[in-house]
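Spelled out, the chains give:
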Amino acid sequence: SQTIHQWPATLVQPVGSPLSLECTVEGTSNPNLYWYRQAAGRGLQLLFYSVGIGQISSEVPQNLSASRPQDRQFILSSKKLLLSDSGFYLCAWSENYEQYFGPGTRLTVT
Amino acid sequence: TQLLEQSPQFLSIQEGENLTVYCNSSSVFSSLQWYRQEPGEGPVLLVTVVTGGEVKKLKRLTFQFGDARKDSSLHITAAQPGDTGLYLCAGERGAQKLVFGQGTRLTINP
């Protein structure tokens, strides 16, 4: 069966510091991968999606970037964090039109 | 821009009562999904509806897709405290990307 992992689970970083969040999927090959951000208790905003290694599409202009160095690995990065980058970050993979989410990373920028 | 509006945004009812949550849009979606999310966790897929007018049942939960595939509803019969959570609808907007509603925060009081 397929599983999706995210780490770290929680992160507290100062403004201006770099960021790297990692997502890995097991049990499937060549999945579509997604990064979302969720405001407290609200809906999800799509940040990036990827249909294959090295193929990244950005949905909204922002302070973040994404990379897919391996088939089942998706990384969310920033060179310098802003206060507004705080939030709950979710990674997902899809099969057909159904998406399956990881456990999320709670990022607090101080 | 394809938007999904969920109503109500917040709902607090007593155990044993029935409830309906709505998800509406002016856009047509090829499929629509419902998720439930617990605090601090990723959303979990409950159901996918594809055909206009389709009705799916999952124990005490009944999901309906509108005939025009622009809206959907979730009805819960005899709600239980375990039904508490954030309910999200999401419509597929092509290229296996989803647009999410803002969510309905449901609280079932014992």
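Described below are features of the structure shown in this document. Keep in mind the model is a prediction, meaning the values are calculated, not measured.

### Concerning the state of the cysteines
All names here are of chain A.
- For the structure on display, the rule yields two disulfides over all chains.
- Across the disulfide, Cys 23 is cross-linked to Cys 91 (sulfur-sulfur distance 2.0 Å). Looking down the S-S bond of the Cys 23 and Cys 91 bridge, the torsion is -75°, so its handedness is left-handed. Taken together, the residues Cys 23 in strand 3 (residues 19-26) and Cys 91 in strand 9 (residues 87-95) connect sequence positions 68 residues apart.
- Residue Cys 23 is classed as buried on the basis of its relative accessible area of 1%.

### Some thoughts on the interface of chain B and chain A
- On the side of chain A, 22 residues touch chain B, which itself brings 26 residues to the contact.
- With both sides pooled, the region where chain B packs onto chain A buries about 1800 Å², and carbon together with sulfur makes up 50% of that total.
- When the buried area of chain B at its contact with chain A is split by residue, Gln96(B), Lys97(B) and Phe100(B) rank highest and sum to 29% of it.
- Applying the counting rule to chain B against chain A returns one salt bridge.
- As a salt-bridge pair, Lys97(B) and Glu59(A) come within 3.2 Å of each other at their nearest N and O atoms.
- Between chain B and chain A we count six residue pairs in polar contact (both at pLDDT 80 or more) in total.
- The set of elements that each furnish at least two residues to the side of chain B that touches chain A consists of strand 4 (32-37), strand 5 (44-49), strand 9 (85-92) and strand 10 (98-100) of chain B.
- Of the residues contributing to the side of chain B that touches chain A, the split by class is ten nonpolar, eleven polar and five charged.

What counts as what
Residues numbered from 1 in each chain as written. Chains lettered and ligands numbered in written order. Predicted model: local features only at pLDDT ≥ 70, side-chain atom pairs only at ≥ 80, totals over all residues. Heavy atoms only, no water. Disulfide = S-S within 2.5 Å. Helix = DSSP H or I, 4+ residues; strand = E, 2+ residues; numbered from the N terminus. Buried < 20%, exposed > 50% of the residue type's maximum accessible area, 1.4 Å probe, protein only. Contact = heavy atoms within 4.5 Å. Buried area = accessible area lost by both parts, 1.4 Å probe. Salt bridge = Lys/Arg side-chain N within 4 Å of Asp/Glu carboxyl O. Polar contact = N/O pair within 3.5 Å; in protein donor to acceptor, adjacent residues only side chain to side chain. Nonpolar A, V, L, I, M, F, W, Y, C, P; charged D, E, K, R; others polar.

Don't take any of this as a statement about function, it's just geometry.
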